[in-house]
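Listed below are the residues making up each chain.
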Amino acid sequence: MTKSSIARFAKYVAIALFVAFSLSVHAQTCTVQPVEFRGWKAQQVSNQWVKLTIVPQLGGRLMQVEFEGHPYLFVNPRYEGKYIPPEQAAGRWINYGGDKIWPMPEGNEDEEHWVLESGTLDDTPYSFRVLEQGQRCTIELSGPADETTGLAYTREITLEAHSPAIHFHAVMHNATSHTVRWSVQSVSQYNLASATSAGGYNHKFWAYTAANPNSAYLDGFHVRAGLVDDPSFSVKDNLFRLHWMYFENEVWIDSHEGWLAIADAESGYGMVERFTFDPAATYPDNATVIFYKNGPSVEFDASGDPEISKHSPEETPYYMEAEINSPLVTLPAGSRASLDTTWYPMRTGATVKRITEAGIVTQRLQALQDASGLKISGSFSVAVPGHLQLRLYGSGGRDAKHMQLNEAGPENPIMLNRNVPIDFAVSRVSLHLIDANGADWGILDEATVNQQGGEN
C-alpha cells in the first residue's frame, strides 16, 4: 500500500469515526419542539425511544405517550382538534383523553370534595416552559388558581437522553389565605380499542398492582362503583389483577409497594408507573391506586326494571383509567405538596408473575445444576438499558461469583434459556439489572437451584 493510499484510508477511517461519533451523540439527546397533534397546537418531548405529546391548552394534558411508535393513551376522537372552554361546558366534563392531574377526594358532599366537571384545574389553558434540553429535557406546565378547591397546579415532566423512563413532578399549591386539605392524583387513560378487531375492544389487556396482605378492604380491594362480583378482578400470588372487560366499574386498592402496571398481550407492550408509598400517611379512603373501567352499566328504567345502559364505542369509548393518589395533605395558606411518579414503558407479555424495580417477570427464574453446569431459564422485561448480571451463591448462602449475561433493553423482552459452566455447587441464584452507567437496579428475580434429580 502506498503512502497516499494509506493517507486516504486513514482519512476515511477518521471520517467514519467522526460520523459514528456524531450519530452516537445525536442518538443520546432529547429534544423539545412545537408540533401539531390531531388538530391541536402541541409540544413534543422525545428521545430515541419515547415521544411525549403535550397540549397545554387542554389543562396541561399529556395527550400521548409513544414508545417505539406504540401509542399508549386514549385520545377521544369526538373532541380531536377542539377546545371547549369551561364556561361553555355548562357543567359537563369534557373528556379529551390523555393524562392529567386531579384533586382528591372526589364527590359533592362538601367543600373538601371535588366535583368532576370541566373547570379551572382540568380544562383551562396552562402555560408551557422549557426548563432544560439536551442530555436531559424538562418542561413545566403551570395552571391558574382554582377558586373552588383553592389549588393551583404545576407539573414538570422530564425525559433523559439515555433512557425511556419518564419522570413527573406534580405540585399542588394552596392559592388561598386559609388552610385546605387535598390529595393530588395522577390520572392516565389507556386506550383499550383493539388494534386487530375492527370496532372491538382489547380482550388481552391486564392491569396489576401489589395486593396488601394487611388490606383495609375485605377482599384486598374495594369496588367503589359497578358490580361487586365483577369477574375482571382477582387477587393471586400477592398481586391484584384486572383483566379488562367492557363494563363500567371502579376499584380501589390500598397497594403498599408503590407501583401499578399494565400489560397488553395484543400489542406486546406494557408500562410500570412507580410512586413512593408512605405507610404513615393517610390516603383518600385508604386507596393508593384506583382503576376505572369505562363501559356500559346496569341501570333501572322508570318502572324499576334493570337494563344495560345504551352504549356504543362512540358514546362509551374503550379506555381504562389508572390512577395514583398522593397522601392527603393539610396545606396552610401559600404552602405546597407534591406527587412524584416515574413511568417505565417496555415490551412485555401479559402474564405478570412479579414486578421489581428492575422490571417485569413473566416467567419465574428457574435453575438446575447437573454435571454439565447450571441451566437457567425465565422471561423478563427490564426498566432501563443495560445488561443482566447472574449472581451465584454457594453453600451457606455465600456470594461466590458474578457473571455478565445478556445485554438488555426495554425494547426487547428477554427469553433466558442457557447453560452456564460452573465448577462448584450453587445453592441459589439471582438476576440483577446493571444499567449502562454501571448502576445496580437490584434483583429482577431469584431462585433456589435444583440439583439434578432433586426438588426444591
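Residues numbered from 1 in each chain as written. Predicted model: local features only at pLDDT ≥ 70, side-chain atom pairs only at ≥ 80, totals over all residues. Heavy atoms only, no water.

A. Summary view of the environment of Tyr96. Mapping Tyr96 onto the fold places it in the loop between helix H2 (86-89) and strand E6 (99-104). Since its relative accessible area comes to 0%, Tyr96 is described here as buried. With 33 residues separating them in the primary sequence, Tyr96 and Met63 have C-alpha atoms 8.3 Å apart. Once residues within four sequence positions are removed from consideration, Tyr96 is found in contact with Trp40, Leu58, Arg61, Met63, Phe74, Val75, Asn76, Tyr79, Lys82, Tyr83, Ile84 and Asp123. A polar contact of 2.9 Å, which involves the side chain of Tyr96, links it to the backbone nitrogen of Ile84. (Helix = DSSP H or I, 4+ residues; strand = E, 2+ residues; numbered from the N terminus. Buried < 20%, exposed > 50% of the residue type's maximum accessible area, 1.4 Å probe, protein only. Contact = heavy atoms within 4.5 Å. Polar contact = N/O pair within 3.5 Å; in protein donor to acceptor, adjacent residues only side chain to side chain.)

B. Here's a closer look at the sheet that holds strand E28 (residues 386-393). Spatial ordering of the open sheet is given by E29-E28-E31-E32, a layout of 4 strands whose pairing is antiparallel. The sheet terminates laterally at strand E29 (399-408) and strand E32 (440-448), the two strands that pair on one side only. Taking the axes of each pair of neighbouring strands and ignoring which way they run, one obtains an average angle of 25° across the sheet. Bridge count between E28 and E29: 7 bridges; the pairing is antiparallel. Among the inter-strand pairings, Leu392 is bridged to a residue of E29, identified as Lys401. (Pairing = 2+ DSSP bridges. Axes fitted to C-alpha atoms, helices over the stretch in contact; angles between N-to-C directions.)

C. Quick peek at the sheet that holds strand E17 (residues 259-264). Pairing is antiparallel across the open sheet formed by 10 strands, whose spatial order is E7-E8-E9-E10-E24-E18-E17-E12-E15-E14. Of all strands in the sheet, those with a lone pairing partner are strand E7 (127-132) and strand E14 (233-236), marking the two edges. Taking each pair of neighbouring strands and ignoring which way they run, the sheet shows an average axis angle of 20°. Alignment of E17 against strand E18 (residues 269-275), held across 6 bridges, turns out to be antiparallel. Residue pairing across strands places Ile262 opposite Met271, the latter belonging to E18.

D. Focus on the pattern of salt bridges. Within the structure shown, the criterion is met by 15 salt bridges. The salt bridge partner of Glu446 is Arg354, with a shortest N-O separation of 4.0 Å. With Glu446 in strand E32 and Arg354 in strand E25 (residues 354-356), this residue pair connects regions lying 92 residues apart in the sequence. Taking the relative accessible area as the measure of exposure, Glu446 reaches 32% and is therefore partly exposed. The salt bridge involving Arg364 is made with Asp445; its shortest N-O contact spans 2.8 Å. (Salt bridge = Lys/Arg side-chain N within 4 Å of Asp/Glu carboxyl O.)

E. Quick peek at the state of the cysteines. Tallying each qualifying case throughout the model produces 1 disulfide. Covalently, Cys30 is tied to Cys137 through a disulfide, its sulfur atoms 2.3 Å apart. Negative torsions about the S-S bond denote left-handed disulfides, and the value of about 110° found for Cys30 with Cys137 makes this one right-handed. Here the residue Cys30 occupies a position in the loop between helix H1 (3-27) and strand E1 (31-37), and Cys137 occupies one in strand E8 (residues 136-142), the gap between them amounting to 107 residues. The pair formed by Cys30 and Cys137 is uniform in burial state, with each residue classed as buried. (Disulfide = S-S within 2.5 Å.)

F. Layout of the confidence of the model for the protein. In this model, the protein carries a mean pLDDT of 91, and residues with pLDDT of at least 70 account for 93%. For residues 12-26, every residue scores under 50 in pLDDT, and the model assigns this stretch 0 contacts once sequence neighbours within four places are set aside. (pLDDT = per-residue confidence, 0-100.)

G. Spotlight on a negative patch on the surface. Where like charges cluster on the molecular surface, the negative patch consists of Glu109, Asp110, Glu111 and Glu112. Residue class for Glu112 comes out partly exposed when judged on its relative accessible area of 48%. (Patch = residues over 30% accessible without salt bridge, like charges linked within 9 Å, V, L, I, M, F, W, Y side chains within 5 Å. Areas by Shrake-Rupley, 256 points an atom, 1.4 Å probe, with all protein chains shown as cover. Lys, Arg positive; Asp, Glu negative; His and termini not counted. Charge placed at Lys NZ, Arg CZ, Asp CG, Glu CD.)

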